[in-house]
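# Fold and geometry: a report
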Amino acid sequence: MSGIGEKASGTTKTPNDFLKSIRGRPVVVKLNSGVDYRGILTCLDGYMNIAMEQTEEYVNGQLKNKYGDAFIRGNNVLYISTTQGNLADGA
């Protein structure tokens, strides 16, 4: 029987493993309000509080602001996703 998140090799990858693996990489953080923040994930805690660098704020797909560093409170986060390609291409 294979459980959810199990690979063919039999090892399980948990959400925590995923979050550890994306530190230092470009991510998209979508908030409950629908606003997206794109940047480099620098830190994440157990409450899903997020610290990012080189952060860009997108509202309705349009770039609204650029921040050097940003801190996002975890209860506002809908999801975190890795980006494909460069942040500059609007990935």
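Residues numbered from 1 in each chain as written. Predicted model: local features only at pLDDT ≥ 70, side-chain atom pairs only at ≥ 80, totals over all residues. Heavy atoms only, no water.

## Observations regarding the environment of Gln-62
Applied cut-off: Segments assigned H or I by DSSP are reported as helices when at least four residues long, segments assigned E as strands when at least two residues long, and all are numbered from the N terminus.
Take Gln-62: it is sitting in strand E4 (residues 62–72). Gln-62 sits 26 residues away from Asp-36 along the chain, and the two C-alpha atoms are 9.6 Å apart.

## With respect to the nonpolar core
Formally: By convention a nonpolar core is built from buried Ala, Val, Leu, Ile, Met, Phe, Trp, Tyr and Cys residues, the set being connected through side-chain atoms within 4.5 Å. Any residue under 20% of the maximum accessible area for its type is buried, any over 50% is exposed, and the rest in between are partly exposed; the area is computed with a 1.4 Å probe on protein chains only. Two residues form a contact once any of their heavy atoms are found within 4.5 Å.
Counting residues in each nonpolar core, the largest one holds 14 residues, and the members touching the most others are Val-27, Val-29, Ile-50, Met-52, Ile-72, Val-77 and Ile-80. When near neighbours in sequence (up to four residues on either side) are disregarded, Val-27 contacts Ile-22, Tyr-37, Arg-38, Gly-39, Leu-41, Met-52, Ile-80, Ser-81, Thr-82 and Thr-83.

## Describing the side chain of Asp-36
To keep things clear, this is the line we draw: Polar contacts here mean pairs of N or O atoms no more than 3.5 Å apart (in protein, one a potential hydrogen donor and the other a potential acceptor; neighbouring residues in sequence count only if both atoms are side-chain atoms).
For Asp-36, the location among the structural elements is in strand E2 (residues 36–44). Looking at Asp-36, its side chain comes within polar contact range of the side chain of Lys-30, at 3.4 Å. Those residues in contact with Asp-36 that lie beyond four places of it in its chain are Val-28, Val-29, Lys-30, Glu-56, Glu-57 and Tyr-58.

## Some thoughts on the pairing of strand E1 (residues 26–31)
For the record, the criterion: Only strands that DSSP links by at least two bridges are regarded as paired with each other.
Summarising the sheet, E1 and E2 pair through 5 bridges and their orientation is antiparallel. The partner of Pro-26 across the bridge, within E2, is Ile-40. A loop of 4 residues connects E1 with E2, the two strands running antiparallel in sequence, and Gly-34 in this loop sits at a positive phi of about 100 degrees. Pairing between E1 and strand E5 (residues 77–82): 5 bridges, direction antiparallel. Bridge pairing in E5 links Lys-30 to Tyr-79.

## Here we look at the sheet that holds E4
The condition is simple: Between the N-to-C directions of two axes lies an angle of 0 to 180 degrees, each axis being a line fitted to C-alpha atoms and, for a helix, fitted only over the stretch in contact.
Strand order across the open sheet formed by 5 strands is E4-E3-E2-E1-E5, with antiparallel pairing between neighbours. Two strands in the sheet have a free side with no partner beyond their single neighbour: E4 and E5. Within the sheet, the average angular offset between the axes of one strand and its neighbour, ignoring direction, is 30 degrees. Relative to E4, strand E3 (residues 50–59) is paired through 9 bridges, and the arrangement is antiparallel. Counted as the bridge partner of Ile-50 is Ile-72 from E4.

## Structural notes on the pattern of salt bridges
The following threshold applies: Any carboxyl oxygen of Asp or Glu within 4 Å of a side-chain nitrogen of Lys or Arg constitutes a salt bridge here.
The full count for this structure, using the stated rule, is 3 salt bridges. Its salt-bridge partner being Asp-36, residue Lys-30 comes within 3.4 Å of it at the nearest N-O pair. Take Lys-30: its relative accessible area is 22%, and that puts it in the partly exposed class. Owing to a relative accessible area of 13%, Asp-36 belongs among the buried residues under this scheme. Between Glu-56 and Lys-66 there is a salt bridge, and its shortest N-O distance comes to 3.9 Å. Of this pair, Glu-56 sits in strand E3 while Lys-66 sits in strand E4, placing them 10 residues apart in sequence. Of the residues examined, Lys-66 reaches a relative accessible area of 59% and is grouped as exposed. Here the salt bridges do not stand alone but share partners, grouping Lys-30, Asp-36 and Arg-38 into one network.

The quantities given are spatial measurements derived from coordinates; they are silent on function.
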